[in-house]
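Results of the structural survey
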2 protein chains.
Amino acid sequence: MALFDEAAAAVPIPRVPRPIVIADYGAGTGYNSVLPLCSAISVLRKRTQPEHSILVTHTDAPDNDFTALFRTLSHDPDSYLKRDDASFASAVGRSYYKQILPSNSVNLAWSAWALHWLARVPMPVSDHLLAAYTRDPAVRAAYARQAAFDWHEFVAFRGRELCPGGRMVVMTMGVDEDGQLGFGPLVAAISETLEELVARDVITADEYAGMSIPIVGRTAKDFESPFAPSGTFEKLSITGMDLFDGEDRFFKQYRSDGKADAFGAQWAAFVRAALSPTLAGQLTPNRPADAFSHALEAGVAARLAAAPAGVRIPLALVVIEKKQPRD
Amino acid sequence: MALFDEAAAAVPIPRVPRPIVIADYGAGTGYNSVLPLCSAISVLRKRTQPEHSILVTHTDAPDNDFTALFRTLSHDPDSYLKRDDASFASAVGRSYYKQILPSNSVNLAWSAWALHWLARVPMPVSDHLLAAYTRDPAVRAAYARQAAFDWHEFVAFRGRELCPGGRMVVMTMGVDEDGQLGFGPLVAAISETLEELVARDVITADEYAGMSIPIVGRTAKDFESPFAPSGTFEKLSITGMDLFDGEDRFFKQYRSDGKADAFGAQWAAFVRAALSPTLAGQLTPNRPADAFSHALEAGVAARLAAAPAGVRIPLALVVIEKKQPRD
């Protein structure tokens, strides 16, 4: 988060009474933005008067649970609404693959755990849950094209929305040395569980074959691509990039307390919340998604608990800045 | 809506690139604001450049269906998002009985069909669904106090949010010559249906007794109260008021086509959507709300179809303006 605080310290801010505008792209229920936003707002607050309004706009797809988002923002003790009396929250329920905020209106932007989801599934992945692990070069190419297109579009539209001098910090999935997006033990546990569910007739082979998780990790070169060769794109440039491994907090806890069941249960709960809805989308309409999700969670939990291993989480933080007129 | 268009024509607007900000307080799913906002935005658009951003913020309680709101805004052919390329939508899921938007940030505001709902039920109404029809003077007094308090608070917080020179147009329920809030045939049909449901053991007498609809109509004097005696309050003043009867479109259609069943069904669908959730809140937890709502709708439809009569809809439009520094 240090990069986001640095951005908050550096961006030009408007004068009172014009509000300082922060955008949070792909906010979900706010879980991944409450803490970084609270921190950035405290940095901004030190730069201006206590009554200077700060307006945060959280965006996500229209079917996002905005009620849960507003409840988090109103009640979480770490929410900026609890910590800063002159902060305000709003939401936009539209895809960020177009312009969804006024031109030149955003002073500071954040996006976490969102851009790894592709805007659409470019083609079915017949031999694996993840295109990253397929042996089919046509699938790999289609996914790479979609990933490049999505990043290009996302950056281009944010370029319109950012104020001159405004900065955006994106946290999304990177890749490991082998170009893989990590999460190996987790992906294996999901695949094995789904195969078991087919064998047990909980789901059909056709349903399993239709399931894929359209997420991608990106390399430094992928992030830089829209800016090549000049280094600028739509008045934007990359001013910082950090490629690192996220900590597997569940494994850290397991190494401290030895509770293998808790390790499995925590990652399985993550799978249920983050991935199960996507997989359940391939079930035939009469099959209850709840039972499937429960069986998936139980299978993943048991497999991970049986052989606890650290989950590699390659991440990328990218800082993008919009040129100021005087530059 | 003429008053809202007039407000759009008169309010000071910021210069590019600062967006023109419109607030829609108590938006629900957007049903009552799509047309007036589209009209007001076309008025504003004629006053500025095609690329000048107009940002609309729709507010409602956190449990509002914001997904439905954003779907309406994205897909309704009359939505400003469809009609104006430089318009943008956002939402706030917080009660408007506090400040929820930045100070001095709103150029134009709209609120329709929202302020007649009280912020809280001040006390049970034992002898009627509506406090307006009670014979208990203590109930009447408690409801009147709450209605006055709500209006005072609503206006005070909007006064902080409006820009100098900004205007707000509120459409809410008024009263008829007898001080009643109208909707007579509808209220009678609901009461009779609920009594029948008690007799048929669909609901219990206790559940019925607990049901009330905490809505109020207001008089001109009620609207003016926070501004008395000077005519100004928090730099605000009432610059227009229109008390009139809304048209019963369902009855108008019935008089043209003679279809009594359709007349009953249309009002009953309104009851189901607008009031049934409030009434169902008094059901014991194990009673299915769906069955209750269906029975209520059927009973109301049958009663209104058996004796079609025009529904009186006393309404009020109030225009409030915030003083400009040069005034």
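Cut-off values and rules
Residues numbered from 1 in each chain as written. Chains lettered and ligands numbered in written order. Predicted model: local features only at pLDDT ≥ 70, side-chain atom pairs only at ≥ 80, totals over all residues. Heavy atoms only, no water. Axes fitted to C-alpha atoms, helices over the stretch in contact; angles between N-to-C directions. Helix = DSSP H or I, 4+ residues; strand = E, 2+ residues; numbered from the N terminus. Parallel < 35°, antiparallel > 145°, perpendicular 65-115°, else oblique. Left-handed = near helix turned anticlockwise from the far one by under 90°. Contact = heavy atoms within 4.5 Å. Nonpolar A, V, L, I, M, F, W, Y, C, P; charged D, E, K, R; others polar. Expected span 1.5 Å × (residues − 1). Buried < 20%, exposed > 50% of the residue type's maximum accessible area, 1.4 Å probe, protein only. Pairing = 2+ DSSP bridges. Right-handed = clockwise from strand over helix to strand, strands pointing away. Core = buried A, V, L, I, M, F, W, Y, C linked by side-chain atoms within 4.5 Å. Buried area = accessible area lost by both parts, 1.4 Å probe. Salt bridge = Lys/Arg side-chain N within 4 Å of Asp/Glu carboxyl O. Domains from an automatic or database assignment. Least-squares fit on C-alpha atoms with pLDDT ≥ 70 in both. Phe/Tyr/Trp six-rings, centres within 6.5 Å; stacked < 30°, edge-to-face > 60°. Lys NZ or Arg CZ within 6 Å of the ring centre and 35° of its normal.

When two helices pack together, their arrangement is captured by the angle between the axes and the distance separating the axes. Residues and elements named next belong to chain B. For the pair helix 1 (residues 2–10) and helix 2 (residues 34–46), interaxial distance at closest approach is 8 Å and the crossing angle is 30°. Classified by the angle between their axes, helix 1 and helix 2 sit roughly parallel to one another. Crossing hand, helix 1 versus helix 2: right-handed. Listed contacts from helix 2 to Phe4, Asp5, Ala8 and Ala9 of helix 1 are Pro36, Leu37, Ser39, Ala40, Val43 and Leu44. Looking at the contact of helix 1 with helix 2, its residues break down into eight nonpolar, one polar and one charged.

Bringing helix 6 (residues 184–199) of chain B into the picture now. Residues and elements named next belong to chain B. Helix length check: helix 6 (16 residues) gives 23 Å between terminal C-alpha atoms against 22 Å at 1.5 Å per residue, within 8%. Within the span of helix 6, buried status applies to Leu186, Val187, Ala189, Ile190, Ser191, Thr193, Leu194 and Leu197. Looking at the residues trailing helix 6, positive phi occurs at Asp201, about 60°.

Residues and elements named next belong to chain A. Judged by how many residues are buried, strand 1 (residues 20–25) sits mostly within the fold: six of six residues are covered. Side-chain alternation along strand 1 places Ile20, Ile22 and Asp24 on one buried face and Val21, Ala23 and Tyr25 on a second face that is also buried. Bridge count between strand 1 and strand 2 (residues 54–59): six bridges; the pairing is parallel. Bridge pairing in strand 2 places Ala23 opposite Thr57. Crossover strand 1 to strand 2 through helix 2 (residues 34–46) is right-handed. With three bridges joining them, strand 1 and strand 4 (residues 106–112) adopt parallel strand pairing.

This brings us to the nonpolar core. Ranked by internal contacts, the top residues of the largest apolar core, which has 56 residues, are Leu108 of chain A together with Leu108 of chain B. Setting aside its immediate chain neighbours within four residues, Leu108 of chain A contacts Phe4, Ala7, Ala8, Val11, Val21, Ile22, Ala23, Ala40, Leu44 and Arg167 of chain A.

With that settled, consider the interface of chain B and chain A. Taken together, the contact between chain B and chain A spans 27 residues of the former and 27 residues of the latter. When chain B packs against chain A, close to 2,200 Å² is buried across both sides, 62% of that on carbon and sulfur atoms. Our enumeration of links across chain B and chain A arrives at zero salt bridges. Only helix 3 (66–75) and strand 3 (87–93) of chain B provide two or more residues apiece to the side of chain B that touches chain A. By residue number, the principal contributor to the side of chain B that touches chain A is strand 3 of chain B, which donates six residues. Looking at the side of chain B that touches chain A, its residues break down into 14 nonpolar, nine polar and four charged.

All names here are of chain A. Its domain assignment divides chain A into domain 1 (2–177 + 216–247 + 312–322) and domain 2 (184–212 + 249–306). In this structure, domain 1 and domain 2 have C-alpha centres spaced 28 Å apart. Taken residue by residue, the interface counts 11 residues in domain 1 and 15 residues in domain 2. Across the interface of domain 1 and domain 2, roughly 990 Å² is buried in total on both sides, 61% from carbon and sulfur atoms. Three residues stand out in domain 1 for area buried against domain 2, namely Trp117, Leu129 and Glu247, and they jointly supply 59% of the buried area on that side. The interface formed by domain 1 and domain 2 holds one salt bridge in total. As a salt-bridge pair, Glu247 and Lys252 come within 3.6 Å of each other at their nearest N and O atoms.

What follows covers the relation of the copies chain B and chain A. For the pair chain B and chain A, the best superposition has an RMSD of 0.0 Å and corresponds to a rotation of 180° with a translation of 0.0 Å parallel to the axis. Such a turn and shift between the copies fits a two-fold axis. Rotation axis and chain B: the residue whose C-alpha lies nearest the axis is Ala91 of chain B, separated from it by 2.5 Å. Looking at the interface residues of chain B, 100% of them are also at the interface in chain A, so both copies use one shared face.

Residue and element names in this part refer to chain B. If you trace the backbone, Gly159 turns up in helix 5 (residues 137–161). In sequence terms Gly159 and His52 are 107 residues apart; their C-alpha atoms lie 25 Å from each other. With residues near it in sequence (within four places) discarded, Gly159 still touches Leu236 and Lys322.

Another aspect to go through is the packing of aromatic side chains. Note on aromatic pairs: each is described by the distance of the centres and the angle between the planes. For the coordinates displayed, the defined rule picks out 28 aromatic pairs over all chains. An aromatic cluster is built from Tyr25, Tyr96, Tyr97, Trp151, Phe154 and Phe223 of chain A, whose rings are joined through pairwise contacts. Against the face of Tyr25 of chain B rests Arg158 of chain B, its NZ or CZ located 4.4 Å from the ring centre.

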